[in-house]
Amino acid sequence: MIRNDLRNIAIIAHVDHGKTTLVDQMLKQAGAFRENQVVEERVMDSGDIERERGITILAKNTSVHYKGVKINIVDTPGHADFSGEVERILKMVDGVVLLVDAAEGPMPQTRFVLQKALEFGHKIIIAINEIGDEVLELLLNLDATDEQLDSPIVYCSGRAGTASMSPNVEGKDLTPLFEQILEHIPAPHVDTEGPTQMLVSSIDYNEYVGRIGIGRIERGSMKVGQQVTVCDYHGNTKPYNAKLVTLYSIEELGRQPIEEAQAGEIVCFSGIEGVTIGETLCDPEHVEALPFVKISEPTVEMTFMVNDSPFAGKEGKFVTSRHLRERLFRELLKDVSLRVNETDTTDAFRVCGRGEMHLSILIENLRR
């Protein structure tokens, strides 16, 4: 069955090329905000550090409605240190919008994410401020198929919230971009009648409900109260049974509780305490794990230890090794690119990350 009422897209761009600003405008023009609502700039960057540094660290999910079609939009990190996020996100979508800045053209980190998208065979829409040739050259270098090379080019301004199909014509709003998404990005082709199957692509954590799994339903449907079997493609965990306590659809900037969702939809669920990224939820009668993209190994290692200077204990509340251990292991619930290992001493931990930026963000989060 083809879900013509649905499109799943990711937005790819280099750091500071304005993708979060573009998503803001898409939300505004699709009516996600009331006329008089005061909205912060870069509304998708919800973390304090994301706002201060102007970068996206965790992939965010949102959706807009255009001409009766729900467009699920995933805003991906552009920094290579957070590429673990990118690889997972591309599993949930059927196409990508590649946003390239006029002055700088395609950057190395755009190359990394785009290469992953091309490997998945995703349809591409190129959103540009005036540069076309360099992007086509990049697609050629990355062995894009003829169809991918023939991707439509939309000339956008994220700040002004306009788009046009010609570099010489000034756009009025983002209608050309929305039209290209409906026309060029394939509607999910799914089996809504088969047994339930869903790959967990992302994890969130909430003090009230615990772990929240996020992913796309690949087959069948999911209902509140349904019994499922949780399994792992690589056989790292033994399959076990669990129950879906709540189910949410992603509506604009929030999550709406729902009773049921069909294949093709990106949803969030809670109630399965130990669920982790890469696991599959299946019908107990048909236990089939979905293959999961392997995340690149960490490249930078640091030792985190309890303060043993003469000033130890003078300030701060969470200063013992138990506090440090608890906090580091809590970070692992959400960040799959991170590794935390115990050492010979109880006061120190080996922490491995994807790069200096990755670990500096972690340290800043711990400090706060």
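Residues numbered from 1 in each chain as written. Predicted model: local features only at pLDDT ≥ 70, side-chain atom pairs only at ≥ 80, totals over all residues. Heavy atoms only, no water.

Visitor: I'd love a proper account of helix H7 (residues 175–184), names of residues and values included.
Guide: With respect to burial, H7 is a largely interior element, 7 of its 10 residues being buried. Residues of H7 that are buried: Pro176, Leu177, Phe178, Gln180, Ile181, Leu182 and His184. (Buried < 20%, exposed > 50% of the residue type's maximum accessible area, 1.4 Å probe, protein only. Helix = DSSP H or I, 4+ residues; strand = E, 2+ residues; numbered from the N terminus.)

Visitor: I'd like to hear about the pairing of strand E17 (residues 279–282), residue by residue, with values.
Guide: A two-sided burial pattern is seen for E17, the buried positions comprising Glu279 and Leu281 on one face and Thr280 and Cys282 on the other. When strand E8 (residues 197–206) meets E17, the two strands line up antiparallel, connected through 3 bridges. Note on E17: the bridge partner recorded for Gln197 is Cys282. In the sheet, strand E11 (residues 227–232) pairs with E17 via 4 bridges, with the strands oriented antiparallel. The residue of E17 that forms the bridge with Val230 is Leu281. (Pairing = 2+ DSSP bridges.)

Visitor: I'd like to hear about the pattern of salt bridges, residue by residue, with values.
Guide: Counted according to the given criterion, the structure contains 12 salt bridges. Across the pair Glu179 and Lys67 runs a salt bridge, and its minimum N-O distance is 2.6 Å. One end of the pair, Glu179, is in helix H7; the other, Lys67, is in the loop between strand E2 (60–66) and strand E3 (69–75), and 112 residues separate them in sequence. One connected set of salt bridges, linked through shared partners, spans Lys70, Glu251 and Glu265. (Salt bridge = Lys/Arg side-chain N within 4 Å of Asp/Glu carboxyl O.)

Visitor: Outline the nonpolar core, listing residues and values.
Guide: If you look at the biggest cluster of nonpolar residues, it comprises 30 residues, and the most contacted ones within it are Leu114 and Ile124. Take this core: its biggest share by element is 4 residues, from helix H4 (residues 108–119). In this view, Ile124 contacts Val96, Leu98, Leu114, Ala117, Leu118, Ser151, Pro152 and His184; residues no more than four positions away in its chain are not counted. By size, the runner-up hydrophobic cluster in this structure holds 25 residues, among which are Ala13, Met26, Leu99 and Leu182. (Core = buried A, V, L, I, M, F, W, Y, C linked by side-chain atoms within 4.5 Å. Contact = heavy atoms within 4.5 Å.)

Visitor: Give me the sheet that holds strand E16 (residues 266–270): which residues, what numbers.
Guide: If you trace the 8 strands from one edge of the open sheet to the other, you get E12-E11-E17-E8-E9-E16-E13-E14, paired in antiparallel fashion. Where the open sheet ends on each side, the last strands, each with one partner, are strand E12 (240–243) and strand E14 (254–257). In this sheet, neighbouring strand axes are inclined to one another by 40° on average, regardless of whether the strands run parallel or antiparallel. (Axes fitted to C-alpha atoms, helices over the stretch in contact; angles between N-to-C directions.)

Visitor: Lay out the confidence of the model for the chain in plain terms, naming residues and giving numbers.
Guide: The predicted model of the chain has a mean per-residue pLDDT of 79, with 80% of residues at 70 or higher. Note on residues 34–47: pLDDT is under 50 here. Beyond four places in sequence and across chains, it has 30 contacts. Here residues 49–59 is a poorly scored stretch, pLDDT under 50, and it has 48 contacts once near neighbours within four places are set aside; other chains count. (pLDDT = per-residue confidence, 0-100.)

Visitor: I'd like to hear about unusual backbone geometry, residue by residue, with values.
Guide: Phi angles above zero are rare outside glycine, and Lys67 is one such case at about 50°. With a relative accessible area of 60%, Lys67 lands in the exposed category. In this structure, Asp143 is a non-glycine residue whose phi angle is positive, near 60°. Inspection of the secondary structure assignment puts Asp143 in the loop between helix H5 (133–141) and helix H6 (146–149).

Visitor: Break down the environment of Met302 for me, citing the residues and quoting the values.
Guide: Looking at where Met302 falls in the secondary structure, it is placed in strand E18 (residues 300–305). For Met302, a relative accessible area of 32% puts it in the partly exposed group. Each C-alpha atom of the pair Met302 and Phe349 lies 8.3 Å from the other, and the pair is 47 residues apart in sequence. Non-local contacts of Met302, meaning those with residues more than four positions away in its chain, are made with Phe349, Arg350, Val351, Leu359 and Ile363.

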